[in-house]
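# Observations on the three-dimensional arrangement
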Amino acid sequence: MGYTLVEKIIAKKVGHEVKPGDIVTVPVDWCMIDDIMVPFAVQKFEEMGFDKVYDPEKVVLIYDHFLPATQTDDSRHFRVGDEFAEKYGLKHVHRTDGICHQLMTEAGYVKPGDIAFGTDSHTVTYGCVGAFSTGIGYTEMAGILGTGQLWIKVPETIKIEIDGTLPGNVTSKDIILRIIGDLTASGATYNSLEFTGSTVDAMSVASRMTISNMSVEAGAKCGLFAPDDKTCDYCKIPYDDEIKDLHGDDNASYAKILRYRAEDFVPVCACPSLVDNIKPVSELKGTKVDQVFLGSCTNGRLEDLRTAATILKGKHIAPYVKMIVTPASRKIYRAALADGTLEILSDAGAIITTPGCGLCCGRGGGILSDGEVVVATNNRNFLGRMGTSKVQIYLASPATAAATAIAGEITEA
Amino acid sequence: MFSAKIWKLGDDIDTDIILPTEYLAFETVQEMKPYAFSPLRPDLASKIQPGDMIVAGNNFGCGSSREQAPEVVKALGVSCIVAKSYARIFFRNAINNGLLLIEQPDLFDEVSEGDIAEVTPGKEIKVNGKSYDIASLPDNLTEILEAGGLVKAMRKRNGLD
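Attention shifts here to the overall build of chain A. Looking only at helices and strands, chain A features 15 helices and 18 strands. Radius of gyration (C-alpha) of chain A: 20 Å, near the 22 Å computed for a compact globule of 413 residues. On the principal axes, the C-alpha backbone points of chain A span a range of 60 × 50 × 40 Å. Out of the 413 residues belonging to chain A, those deemed buried represent 63%. Taking the contacts inside chain A whose residues are at least 6 apart along the sequence as the reference set, 76% of them involve residues at least 24 apart. If you sum the accessible surface of chain A, you get close to 14100 Å²; carbon and sulfur atoms cover 49% of it. The average position of the 40 basic charges and that of the 53 acidic charges among the side chains of chain A differ by 2 Å.

In structure tokens, the structure reads:
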């Protein structure tokens, strides 16, 4: 009997075979703490009575949700983080570099086969490089900071096979939205999602990140891709035999296998106010929008900005639409500046903001009010997520977002 | 055994509903309390009395990993939550804060808000004369819950309590 990818990653770390349902204590390669949770994690760490951090090299503090600060209390979070880093000798603090989930792989921390935990639910993103990573609360993070380990239950795996060539106006965002719709918002609870097939093989790491990032919206513990040569290029590591073994075996035991033909996917939106309320964009035509948001750890990467720029080039957004573009990191911002992407978006009437979480969590510029409609490329359309509880949030791909901004109503690219 | 008044919520109660992002940065949970459940039911936090319980459907606590969500529910004095199922991060966070969570598939569909339940943890819940079986938690979680949460369990580990 073979093993699923998550079983292989965990077994390697604990030094023995594991099966779904086993409760095991794993060593932690990376801890990510975001600015919202820093003061709470620090307080719990001190209450627990630890006097040192288990490994200052393995802890990464990232300021992103509150940057630049929009409320007078926000800077307390930066101050507490800086003091904690100084006191315990933490080596990695990102104060203005971008969104935590972009940076954890982009800045060279998480590699294939690693185990990482973060104080944000979208920590599942690092599954894009074949790492086991998931979100936890600040109390558990405080426990890891002191002990370097955490208990987990080995998850069952749902395998998702996608083969074929995607239609031109479909992106990986449409794929994961459709899958969440099929699984429902709780359909993968406690499970690992493992994505395979020729469509997945052909995808960029950036596109895979979008899918891993949203795995948690189906309740999944992690969303994994087997690392390949593209992953190794991105992570700047050799594509060796150890990496090549990090894949789900054909004879592994899966809880469920879902098979899709790439040609069957169409552009979709998650409609208010549940992530699994999925409808084809073609059925939503005519829905007038007040704002379009392109950004977030889901879809704020260079390929996302370029996709939008290709559609917006030489055109202008509808006069009554505000379009807000937030690159996921400084590196992406600079690359999009250098290759003319930002210029095209700006010429089309978009507002370009500083890298960070921004509008996605309702903290940055562009929050909305009663009755307003927004098409957004981020990952959650919950009540009140981007403003008041009477804002209508439609989640969509960068291509749909760009086409919608031009038309002023929900439109297929 | 304890008895508790039921407040009833639906399916997929996410942690943005339990506590919206704009209130996460308050320094204390006490300051967050009035805003619990505000996007869905702005008056609920002021109505919940210590000892009351929440009954909900599937996937309670889905979404963000914010631990302020179970902390604020605990701070309101909620004695336990009974739901058909929980999102996994919320489940861990609740146990780590000493908040009792009970999974029960049938109770939600058969009780009304305002009903009084008698809860015997690890055994049964009685409402309107009917008994509903409930399971025990795994040992490692019972230990954390009985210690009063993960902070207290870690203090014990570190020889402080």
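That shown, we press on.
The next thing to look at is the interface of chain A and chain B. Contact with chain A, which involves 42 residues of that partner, is made by 39 residues of chain B. Carbon and sulfur atoms make up 55% of the surface buried where chain A meets chain B, a total of about 3500 Å² over both sides. Of all residues in chain A, the largest losses of buried area upon contact with chain B belong to A:Met48, A:Trp151 and A:Leu383, amounting jointly to 15% of the total for that side. A salt bridge links B:Glu27 to A:Arg76, with the nearest nitrogen and oxygen atoms 3.7 Å apart. For the interface between chain A and chain B, the tally reads 20 residue pairs in polar contact (both at pLDDT 80 or more). For the side of chain A that touches chain B, the secondary-structure elements that each account for two or more residues are α2 (38-48), α3 (75-88), β6 (132-135), α5 (138-147) and β7 (149-153) of chain A. With five residues, α5(A) is the largest single contributor of residues to the side of chain A that touches chain B.

A separate point is unusual backbone geometry. All names here are of chain A. With an omega of -15°, the peptide bond running from Leu67 to Pro68 counts as cis. Between Pro272 and the following residue, Ser273, the backbone shows a cis peptide bond with an omega angle of -10°. Structurally, Ser273 can be placed in the loop between β12 (268-270) and β13 (278-280). In this structure, Thr184 is a non-glycine residue whose phi angle is positive, near 75°. In this fold, Thr184 is placed in the loop between α6 (172-183) and β9 (192-196). Classification of Thr184 by relative accessible area gives partly exposed; the value is 33%.

By size, the foremost hydrophobic cluster in this structure holds 86 residues, and its most contacted members are A:Phe117, B:Phe37, B:Phe60 and B:Ile81. The dominant element in this core, judged by the number of residues it contributes, is α2(A), at six residues. When residues are assigned to domains, this core turns out to be shared by domain 1 (18-153) and domain 2 (157-264) of chain A, each giving three or more. Judged by nonpolar contacts, the second largest core, of 53 residues, contains A:Met104, A:Val292, A:Leu294 and A:Cys361.

In this section: the domain arrangement of chain A. The accessible area lost on association of the parts is a frequent measure of interface size. All names here are of chain A. As far as domains go, chain A holds domain 1 (18-153), domain 2 (157-264) and domain 3 (269-407). Inter-centroid distance (C-alpha atoms) of domain 2 to domain 3 is 24 Å. Across the contact, 18 residues belong to domain 2 and 18 residues belong to domain 3. Carbon and sulfur atoms supply 54% of the area buried between domain 2 and domain 3, which totals about 1400 Å² over both sides. Ranking the residues of domain 2 by area buried against domain 3 places Lys173, Leu177 and Glu217 at the top, with a combined share of 34%. For the pair domain 2 and domain 3, the interface holds one salt bridge. Its salt-bridge partner being Arg380, residue Glu217 comes within 3.1 Å of it at the nearest N-O pair. Elements supplying a minimum of two residues to the side of domain 2 that touches domain 3: α6 and α8 (205-214). When the residues that make up the side of domain 2 that touches domain 3 are grouped by side-chain class, the tally is seven nonpolar, seven polar and four charged.

Our next topic: the packing of aromatic side chains. Counted by the stated rule, this structure contains 16 aromatic pairs over all chains. Seen in terms of ring centroids, A:Phe45 and A:Phe84 are 5.4 Å apart; in terms of plane orientation they differ by 90°. Their pairing is edge-to-face. Pair noted here: A:Phe45 is in helix α2 and A:Phe84 is in helix α3, with a separation of 39 residues, a long-range link. The exposure class assigned to A:Phe84 is buried, which follows from its relative accessible area of 4%. Linked through ring pairs, A:Phe45, A:Phe50, A:Phe84 and A:Tyr88 together constitute an aromatic cluster. Positioned over the ring face of B:Phe108 is B:Lys8, at 4.7 Å from the centre of the ring.

Turning our attention to the side chain of A:Arg385. Inspection of the secondary structure assignment puts A:Arg385 in the loop between β17 (373-376) and β18 (392-395). Assessed through its relative accessible area of 6%, A:Arg385 is described here as buried. Reaching out from A:Arg385, the side chain makes a polar contact with the side chain of B:Asp16 at a distance of 3.0 Å. Not counting the four nearest positions on each side in its chain, A:Arg385 is found in contact with A:Cys360, A:Cys361, A:Gly362, A:Asn379, A:Arg380, A:Ile393, B:Asp16 and B:Arg66.

All names here are of chain A. By secondary structure assignment, the location of Arg208 is in helix α8. Taking the relative accessible area as the measure of exposure, Arg208 reaches 1% and is therefore buried. Each C-alpha atom, one on Arg208 and one on Phe195, is 9.0 Å from the other, the two residues being 13 residues apart in sequence. Excluding its chain neighbours within four sequence positions, the residues that come into contact with Arg208 are Cys128, Val200, Asp201, Met203, Phe225, Ala226, Asp228, Lys230 and Thr231. At 3.3 Å, the side chain of Arg208 and the backbone oxygen of Met203 are in polar contact.

This brings us to empty space enclosed by the protein. Taken as a whole, this structure holds three cavities of 30 Å³ or more when the rule is applied. A volume near 220 Å³ is recorded for the largest cavity. Looking at the largest cavity, it is lined by 24 residues, and the ones nearest its centre are A:His65, A:Asp120, A:His122, A:Cys361 and A:Arg385. For the lining of the largest cavity, the secondary structure elements donating two or more residues are α4 (100-106) and α11 (296-299) of chain A. Grouping the amino acids of the lining of the largest cavity by side-chain chemistry returns nine nonpolar, 10 polar and five charged. Inspection of the lining of the largest cavity shows a minimum of three residues originating in each of domain 1 (18-153) and domain 3 (269-407) of chain A. Lining the second largest cavity are 13 residues, with A:Val216, A:Gly219, B:Cys62, B:Gly63 and B:Ala87 sitting closest to its centre.

All right, on to the side chain of A:Thr123 then. Residue and element names in this part refer to chain A. Examined against the element boundaries, Thr123 turns out to sit in the loop between β5 (115-118) and β6. Given a relative accessible area of 0%, Thr123 falls into the buried group. Residues within four places of Thr123 in sequence aside, it is in contact with Met32, His101, Ala116, Phe117, Gly118, Ser133, Thr134 and Gly135.

Glancing now at helix α1 (residues 5-14) of chain A. Restricting attention to buried positions, one finds in α1(A) the residues A:Leu5, A:Val6, A:Glu7, A:Lys8, A:Ile9 and A:Ile10. Two residues or fewer after α1(A) comes A:Gly15, characterised by a positive phi angle close to 80°.

Reading the values: rules and limits
Residues numbered from 1 in each chain as written. Chains lettered and ligands numbered in written order. Predicted model: local features only at pLDDT ≥ 70, side-chain atom pairs only at ≥ 80, totals over all residues. Heavy atoms only, no water. Helix = DSSP H or I, 4+ residues; strand = E, 2+ residues; numbered from the N terminus. Rg over C-alpha atoms; globule rule 2.2 N^0.38 Å. Buried < 20%, exposed > 50% of the residue type's maximum accessible area, 1.4 Å probe, protein only. Contact = heavy atoms within 4.5 Å. Areas by Shrake-Rupley, 256 points an atom, 1.4 Å probe, with all protein chains shown as cover. Lys, Arg positive; Asp, Glu negative; His and termini not counted. Charge placed at Lys NZ, Arg CZ, Asp CG, Glu CD. Buried area = accessible area lost by both parts, 1.4 Å probe. Salt bridge = Lys/Arg side-chain N within 4 Å of Asp/Glu carboxyl O. Polar contact = N/O pair within 3.5 Å; in protein donor to acceptor, adjacent residues only side chain to side chain. Core = buried A, V, L, I, M, F, W, Y, C linked by side-chain atoms within 4.5 Å. Domains from an automatic or database assignment. Nonpolar A, V, L, I, M, F, W, Y, C, P; charged D, E, K, R; others polar. Phe/Tyr/Trp six-rings, centres within 6.5 Å; stacked < 30°, edge-to-face > 60°. Lys NZ or Arg CZ within 6 Å of the ring centre and 35° of its normal. 1 Å grid on protein atoms, 1.4 Å probe; cavity = no way out; pocket = protein on both sides within 12 Å on 5 of 7 lines; lining within 4 Å. Points joined across faces, edges and corners; volume = space filled by probe spheres on them.

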